[in-house]
Amino acid sequence: MPLRLDVKRKLSVRSDRVKCVDIHPNEPWILVTLYNGHAHIYNHDTQQLIKTFEICDVPVRAGKFIVRKNWAVTASDDMLVRIYNYNTLERIHQFEAHSDYIRSVVVHPTQPYILTSSDDMTIKLWDWDAKWALKQTFEGHIHYVMQIAINPKDNNTFASASLDRTVKVWQLGSTQPNFTLEGHEKGVNCVDYYSGGDKPYLVSGGDDRLVKIWDYQNKTCVQTLEGHSQNVGCVSFHPELPIVLSGSEDGTVKLWHSNTYRLESTLNYGLERCWTISCLKGSNNVALGYDEGTMMIKLGREEPAMSMDASTGKIVWAKHCEIQQVNLKQLSSDQQLKDGEKVPLNVKEMGSCEIYPQTLSHSPNGRFVVVCGDGEYIIYTAMTLRNKSYGSAMEFVWSQDSSEYAIRDGNMVKIFKNFKEKKTFKPEAGAEGIYGGSLLGVRSYSGLAFYDWETLSLVRRIEIVPKTIYWSQNGELVCIATEESFYILRYSPQVVAAAATNKDLMSEDGIEDAFDALSEVPEIIRTGVWVGDCFIYTNSLNRINYYVGGEIVTVSHLDRVMYLLGYVSNENRLYLGDKEMAIVSFELSLSVLEYQTAVMRKDFETADQVLPTISKEQRTRVAHFLEKQGYLQQALTVTTDNEHKFDLALQLGNLSVCYELALEMENEQKWLQLSDVATKRGDLNLVKECLTRAQSFGSLILLASASSDKELMSTIGDHSRKNGQFNIAFLSNFVLGNLEQCLDILIENQRLPEAAFFCRTYLPSQIGRIVGLWREKLKQINMERAAQSLANPTDYENLFPGLVDTYKTEQYLQQTNKLRAARDFPSIIPNWERNPIADMQEAEDGNKFSYNPVQLNKNTTEKDDDDNDDDQFADVDSTPKQTTSQVKSSSVVPSTKTNKPTTEPSTVNKLVPPVLASTASSSDRSRSQSPMNASANPITKAATPSPPLKKSTPPPVTTTKTSSSTVPKTTNDMKSTATARKSSLSDLEKELQEFDIDVDKDDDLQFDDDDVDEFLKDT
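Calculation rules
Residues numbered from 1 in each chain as written. Predicted model: local features only at pLDDT ≥ 70, side-chain atom pairs only at ≥ 80, totals over all residues. Heavy atoms only, no water. Pairing = 2+ DSSP bridges. Helix = DSSP H or I, 4+ residues; strand = E, 2+ residues; numbered from the N terminus. Axes fitted to C-alpha atoms, helices over the stretch in contact; angles between N-to-C directions. Phe/Tyr/Trp six-rings, centres within 6.5 Å; stacked < 30°, edge-to-face > 60°. Buried < 20%, exposed > 50% of the residue type's maximum accessible area, 1.4 Å probe, protein only. Lys NZ or Arg CZ within 6 Å of the ring centre and 35° of its normal.

### Focus: the sheet that holds strand S1 (residues 7-14)
Here we have four strands laid out as an open sheet, ordered S1-S28-S27-S26, and antiparallel in their pairing. Across the chains shown, the open sheet's two edge strands, defined by having one partner strand only, are S1 and strand S26 (274-279). For this sheet, the mean inter-axis angle between neighbouring strands, taken without regard to orientation, is 20°. Taken together, the five bridges between S26 and strand S27 (residues 285-290) define a ladder with antiparallel strand orientation. Among the inter-strand pairings, cysteine 279 is bridged to a residue of S27, identified as valine 286.

Below you can see the structure in the form of structure tokens.
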């Protein structure tokens, strides 16, 4: 029987003449070199052109991937070899390799070598690690060398095909060929090695239209394949399938069986002459290059022919025609298997199979193994691989009963019982595929039909096109996998039995209630197996998942394509295999699956019995399953993860459990979650504790203000300040009326402008100190002029009308403010309707309030020109101190009657410092003014003249003659500043004496205009 191979197109691209193709082993890429001098890289999954190389203007006859270096190497008719980085498209190197057209390039699989062949009749070996040095030249052909191929079983030997009608085999390091194979009547165009380990074969094709199979050990021609009508331009042994491919100028690609040498199939895609073929180890993909484009096809199925008997732990697979077996029971009990790691097993050779196995499967009881392929099937005994039965079949499936099976031969379906044919039938809609299990499934063009094994009566017809079908062990659940999703159905044998006696339950499509659709899952299944009511499967995203009760649970992510073999319950392990027959395992607890199955069946008694057998590591997974099923209380009992337990307790409203878990975890987020639920419950004490532990001060302020909790508000202020949350600290102290604390917070954060305006509004008595700090801060950042432009209200009361009233109001509010009961709220005038200054004046007029003058600490800075000492600021409550290096400004006590300065109209809007201020400060300011600044700043000339500097009591008003104005001062103010003035008197006297001014000559100092101008200019 012929080899049955499905051929699917994966890529079809039209282009100029293709001279060479190569498949990337890791990416879904194919490299195509063209006769027009270009090279392309296509993605054969998306069928998109992703990279283009414009190499030259002459044909590029060869191109290969060098995956180790991320390179693509090309050879063209300009005799140059070029190397490109296929990621960046950068040309790495180029060199002239031959003196004539270069026909072929191959890459050594392990060494840093490439081999090139040319029309100059030579073969050359190049080393890219030695800067592409020529390592060796092979001479011996007497015509063009068309192609070379490296032996996959011996990388030191290679074969070459030449138009001199010979194939030569060479050895690296030897200048002479090992031997020559002669047999073609015309030139040889192509050559390739057989990669299997059982035959020392190579294949060649020539202009004599023949394909020859050679035994290079015996140096003989094994077989000649005839069939092409034009020159054979390319040949290849497929690395995975037992076929030989040959492409010809007649436009066809022929597939020959490599064992029987029978022509299996001929492919003609109408793209004119075929020039090149490329195959890839580990893949069923084949790339073809034609005159008019490129094709990529997929031959057969890539899923390996493997099967496992879970009861005995034996795994059988077919490697080409060889049957091999491994036994999991060989593993020692103390050998620990790790998830995803290869299981170390000893492979046992079972023998050869007469056919090429495409599928291989155990019978349900594990006693037999069936191999199907080449249009035939053979049933072997599993122990000794002894032939039990055979026959012609395109497909073979087992029933749930190991003594019963079915085969499909064309559109006919045959049922066998105890290896004897029992029934044969032809479905009305035809048979394109069959599926085993509790019912016999037949796929046709109209959909899927299920038949009873005994009677072959129609059970149910479903309009669906399945890819494969999986039945559970008890026959109640079935998974139907399609190309895009899978369906879980429940089968009801009782309904089918009832319909056998009641024909009214039957319809044209069978018994409607035979199946109940449970769910549809939009995932593509590769392989699957049932364990109880849990369906375990691998999907197209390379994940191991299992379905139970409508929920999908991920077991593991895979790093490559793997195929499920089976589940060994006594080991709690799931076994999988890959294309290379490597076996890996993953732990999957049977008790977990049994527990989930019992829950789905609502058999809670069984579930409670199984629960103690579940390990603690698995209980959280079980709890998540219970949560999804809606059993929150049971999930709370089962789970061992505190995070999950907390979430479940929150959903159940069990605040006591949540509180205990939050104490244990000490997680801010958990406290906040608990506070939200407690708020909804109205448990304000719990809310307060949760927010405090979470340090959520913003929420605590809301709680404290809503519950009128002064102590909590005070605690918030203290804790938030320690934690650096100054906005919260300021707000809490402001709500409590702790204005001094608010001011300290602003100063602590260097928010001095805000502090100054805060004092202007709420603490007028602190303005002098804060403005002094503000000035000093500006001086530290080299903003001297900005500092000088700041007016201190205690110095310039004329610019701040009503300042004394604010002092009085501050004191009045401090005396009258008191706590009030919440019940008085309706009778209290809102703050936005009150006028505190008017209230103070009314109380003062009614003798209900008397102003007690307080010391206002201006705390102005002194900066001596000689030593440049830093300014020092006195605290608002400190007393002035005088040292040898600096003098503190004395406090000013504003009088209730004489604090308004008497000025002439011309000086009302000027910054006129009262002589009440420290003379040291005035002198310092006057000395710091330059002539350039004098005209811009009106403070200079107003501050320059000094009042009488005698220590004796001055008259009530002292008149100083200036060019523009006269500044009056009071006696009390002069006394209050006497001490501060003395500190700078000596410096002032020295300067005045330079201008022949005697400070002790007269009580009223008189300056003429010339003296003043000269003094200002000098200073």
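### Some details on the packing of aromatic side chains
Applying the stated criterion across every chain yields a total of 41 aromatic pairs. Ring centres 5.5 Å apart and planes at 75° place the aromatic pair tyrosine 193 and tyrosine 216 in the edge-to-face group. Highlighted residues: tyrosine 193 in strand S18 (residues 188-193) and tyrosine 216 in the loop between strand S20 (210-215) and strand S21 (220-226), separated in sequence by 23 residues. Accessibility assignment for this pair places tyrosine 193 and tyrosine 216 in one class, buried. Ring centres 5.2 Å apart and planes at 35° place the aromatic pair phenylalanine 450 and phenylalanine 515 in the tilted group. Of this pair, phenylalanine 450 sits in strand S43 (residues 447-451) while phenylalanine 515 sits in strand S50 (residues 515-521), and the two are 65 residues apart along the sequence. With relative accessibility at 1%, the residue phenylalanine 450 sits in the buried group. Judged by relative accessible area, which is 9%, phenylalanine 515 ranks as buried. Among the aromatic residues, those joined into a ring-pair cluster are Phe368, Tyr377, Phe396, Trp398, Tyr405, Phe416 and Phe419. The lysine or arginine in question, arginine 17, covers the ring of tyrosine 35, its NZ or CZ lying 4.4 Å from the ring centre. Its end group placed over the ring of phenylalanine 179, lysine 219 keeps NZ or CZ at 4.8 Å from the ring centre.

### A short note on the sheet that holds strand S47 (residues 486-491)
Taken in spatial order, the four strands of this open sheet run S45-S46-S47-S50, and their pairing is antiparallel. Of all strands in the sheet, those with a lone pairing partner are strand S45 (468-471) and S50, marking the two edges. In this sheet, adjacent strand axes meet at a mean angle of 20° when their direction is disregarded. Here strand S46 (residues 477-481) pairs with S47 via five bridges, running antiparallel.

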